[in-house]
Amino acid sequence: MIKKTLLSLILIASVSCGELQQVIDQLPDGEGISEVEIGQGLRQALNQGIENQVTRLARENGFYGNEAVRILLPEQLQKVDRTLRSIGLGNLADEGLLLLNRAAEDAVGRATPIFVDAVSGISFADARQILLGDDDAATRYLEGRTATSLYNSFNPVIRESFERVGADRVWEQLITRYNNIPLVDRVNPDLSDYVTQQALEGVFLMIEQEESEIRSSISSRTTVLMKRVFALQDGFGTGQ
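All values derive from a computational prediction rather than experimental measurement.

A.B. asks: Quick one: what's the story with the packing of aromatic side chains, residue by residue and with numbers?
C.D. replies: Per the stated rule, a full pass over the model turns up one aromatic pair. Judged by centre distance (6.1 Å) and plane angle (90 degrees), the rings of phenylalanine 115 and phenylalanine 204 are edge-to-face. With phenylalanine 115 in helix H6 (residues 112–120) and phenylalanine 204 in helix H10 (residues 191–216), this residue pair connects regions lying 89 residues apart in the sequence. Lying across the ring of tyrosine 64, arginine 70 places its NZ or CZ 5.4 Å from the centre.

Here it is in structure tokens:
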């Protein structure tokens, strides 16, 4: 991963926008690139992450088929799962787990407009901090500006999805059967909140992976402008 030197950080923190432009013009491959273009290049990179990763999660098996983001059972329900399997209800437990992931896949399809709105609002100050910030700076920017809106969007969709894909009926049956077993501690988890939180974590994890690729691999920069903009990051990373 690309590491930026302390000197570079001090330089960026201490100069004004006009002075920063003079620095930009002196960096490798940076001649003539404007503040506006830097912002546009960062927007292209973020939109690439959204297109490549968020839309992928919204497809069937986007969560369930991806071990990095597959939603597993919360700790409270892991004992439910083990107990049900021990009494021959493994197939029902498997179906319940699959439907949790289906609900997340359904909800993520609603995320793109929220991300697009956040990306369109990037200022030059934002772009400067993202470009020369940590390797996950773009992801954290999106997370900071969209997490609340995404939760508010995802949660009702997941509740609706539970009903549409049958997760509510399956989990009601699973939990009822478990709670009827003698001597077990009864459970009543808020699965919609849990799946919403897990879906958000999965979304930002995949965007972070895309950002890492763009920062570390020139071949992942799919436009001329992205190559020029991230060349500035490369220049600082090499201490030039």
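A.B. asks: Now, about the packing of helix H3 (residues 35–57) against H10: what can you tell me, with residues and values included?
C.D. replies: The relative placement of two packed helices comes down to the angle between their axes together with the axis-to-axis distance. Following both chains from N to C, one finds H3 and H10 inclined at 135 degrees, their axes separated by 9 Å at the closest point. Compared by their axis directions, H3 and H10 come out oblique. Handedness of the H3/H10 crossing: right-handed. Mapping the contact onto sequence places Ala45, Gln48, Gly49, Asn52, Gln53, Val54 and Leu57 in H3 and Gly202, Val203, Met206, Ile207, Glu210 and Ile214 in H10.

A.B. asks: Before we move on, could you go through helix H4 (residues 75–86) and cite the residues and values that matter?
C.D. replies: Its twelve residues give H4 an end-to-end C-alpha distance of 17 Å, which sits within 8% of 16 Å, the value for a rise of 1.5 Å per residue. Listed in full, the buried residues belonging to H4 are Leu77, Val80, Asp81 and Leu84. Summarising the axial view, the buried residues of H4 lie within an arc of 100 degrees, below the 170-degree limit, and thus occupy one face. Turned more than 90 degrees away from the buried face of H4, the exposed residues are Glu75, Arg82 and Ser86. Tucked into the core, H4 has its buried residues touching helix H5 (90–108), helix H9 (167–179) and H10. Residue glycine 88 follows H4 closely and has a positive phi angle near 85 degrees.

A.B. asks: How would you explain the environment of tyrosine 194 if you had to name every residue and give the values?
C.D. replies: For tyrosine 194, the location among the structural elements is in helix H10. For tyrosine 194, a relative accessible area of 18% corresponds to the buried category. When the C-alpha atoms of tyrosine 194 and leucine 100 are compared, they prove to be 9.6 Å apart, with 94 residues separating the residues in sequence.

A.B. asks: Account for the packing of H6 against helix H8 (residues 137–165), naming residues and giving values.
C.D. replies: It is the contact of H6 with H8, at a shortest axis distance of 10 Å, that shows an interaxial angle of 150 degrees. Between H6 and H8, the angle is such that the two are roughly antiparallel. Note on packing geometry: the crossing formed by H6 with H8 is right-handed. From H6, Ile114, Phe115, Ala118 and Val119 reach across to H8, where they touch Tyr141, Leu142, Arg145, Thr146, Ser149, Leu150 and Ser153. Along the lines of polarity and charge, the residues of the contact of H6 with H8 split into seven nonpolar, three polar and one charged.

A.B. asks: Quick one: what's the story with the pattern of salt bridges, residue by residue and with numbers?
C.D. replies: With the rule as written, the count across this model stands at eleven salt bridges. A salt bridge links arginine 145 to aspartate 126; the shortest N-O distance between them is 3.7 Å. A residue pair is termed long-range when its members are at least 10 positions apart, and arginine 145 in helix H8 and aspartate 126 in helix H7 (residues 124–131) qualify at 19 residues. For arginine 145, a relative accessible area of 47% gives the class partly exposed. Given a relative accessible area of 15%, aspartate 126 falls into the buried group. One connected set of salt bridges, linked through shared partners, spans Asp136, Arg140, Glu143 and Glu208.

Each value, and the rule that gives it
Residues numbered from 1 in each chain as written. Predicted model: local features only at pLDDT ≥ 70, side-chain atom pairs only at ≥ 80, totals over all residues. Heavy atoms only, no water. Phe/Tyr/Trp six-rings, centres within 6.5 Å; stacked < 30°, edge-to-face > 60°. Helix = DSSP H or I, 4+ residues; strand = E, 2+ residues; numbered from the N terminus. Lys NZ or Arg CZ within 6 Å of the ring centre and 35° of its normal. Axes fitted to C-alpha atoms, helices over the stretch in contact; angles between N-to-C directions. Parallel < 35°, antiparallel > 145°, perpendicular 65-115°, else oblique. Left-handed = near helix turned anticlockwise from the far one by under 90°. Contact = heavy atoms within 4.5 Å. Expected span 1.5 Å × (residues − 1). Buried < 20%, exposed > 50% of the residue type's maximum accessible area, 1.4 Å probe, protein only. Arc of directions from axis to C-beta. Nonpolar A, V, L, I, M, F, W, Y, C, P; charged D, E, K, R; others polar. Salt bridge = Lys/Arg side-chain N within 4 Å of Asp/Glu carboxyl O.

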